[in-house]
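# A look at the structure
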Amino acid sequence: MDHGHQAATGADAVSGDVPEVIPDAIDATLAPSSALVPKKPLIMRFGKWIQPKTNRWIVASSKIGNPPIVDTAIFPWVKMVESNWAIIRDEAMAALSDLDKVPPLATISPDHRRIAPAGRWRSLFLIGYRYRDPANCAKCPRTTEIVERIPGLNSAFFSVLVPGTHIPPHTGVTKAFLTCHLGIQVPKDSANCRMRVIDEWVQWEEGKALIFDDVVNHEVRNDTDETRIVLLIQFKRPVGIVGKIVGGLFLEGVRRSRFVQDARRGIANWTAERAGA
């Protein structure tokens, strides 16, 4: 769950009226748009104003510099995660066997609608901003145990892009954490399933981790006829005392904000509606 991602190209206009209900279908055609996002309350607007200031303090305190793509060798736990890839993959394949039962990010998280195509980007959360999803953790107990061993874990979820999905250029909000992708299922035509980080295009490998700073401009394309799945992990950037204080306060504000709480309600509503169906 990436807080308040900003579309780098501004509001992507949608034709016609804004729908009251975001379509859930995997083949939905509703494009991402800032027009689909509810108006930010005052506290979130303050967060946006203070964001660049906190990011500067965090970078100044960073123990690993400020690279857009980070060497995985810096973090010993990466080998632990990669060595357990087969276990994680098996649990993911079972939990994601019916994608119609996996919530689309645009449905459950209103603030993601500026970058998430309706129905096409699906996410199975184990942990989001330190909130555990008990049902999903029970479906993936070994994966949950593995990710909970990661120092400074913020979030962990399976991120699913169905064929033909494009997540437009955007930037994240805080340097307080870094993002790790573990390749779970990568299309055979991997050259057409990739992510741009600033001006470098990178590709996933099954069983291999990729770490990057999602505050930089990036976009994702799956221009293949297969589904791409990664285990997305957010964890705290190694920083000194100033970075820990500033980043910790900012992350706690995000955790309590409408952005995270709306997503928690969205997941609960999605689950309840399908349980009663």
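Quick note: structure is the one above.
This text gives an overview of the structure that appears in the document. Owing to the predicted nature of the structure, the values given are computational and were not obtained by experimental measurement.

### Describing the pairing of strand S3 (residues 121-128)
For S3, the buried fraction is high: 8 of the 8 residues fall into the buried class. As defined by bridge partners, S3 adjoins strand S5 (residues 153-161) across 6 bridges and the pair is classed as antiparallel. Bridging from a neighbouring strand, Phe125 pairs with Phe157 of S5. Sheet analysis places S3 next to strand S4 (residues 131-132), joined by 2 bridges and oriented antiparallel.

### Some details on the sheet that holds S5
Each strand in a sheet pairs with another by means of backbone hydrogen bonds, the pair being arranged parallel or else antiparallel. Here 7 strands make up an open sheet; going across it, the order is S2-S10-S7-S12-S5-S3-S4 and the pairing antiparallel. In this open sheet, the two strands that pair with only one neighbour each are strand S2 (69-70) and S4. Both S2 and strand S10 (residues 209-212) contribute to a ladder of 2 bridges, which runs antiparallel. Bridged to Ile69 within S10 is Phe212. Where helix H3 (residues 85-95) meets the sheet, its contacts fall on S3, S5, strand S7 (177-185) and strand S12 (228-236), and the angle it forms with S7 comes to roughly 75°.

So, how was this worked out
- Residues numbered from 1 in each chain as written.
- Predicted model: local features only at pLDDT ≥ 70, side-chain atom pairs only at ≥ 80, totals over all residues.
- Heavy atoms only, no water.
- Buried < 20%, exposed > 50% of the residue type's maximum accessible area, 1.4 Å probe, protein only.
- Helix = DSSP H or I, 4+ residues; strand = E, 2+ residues; numbered from the N terminus.
- Pairing = 2+ DSSP bridges.
- Contact = heavy atoms within 4.5 Å.
- Axes fitted to C-alpha atoms, helices over the stretch in contact; angles between N-to-C directions.

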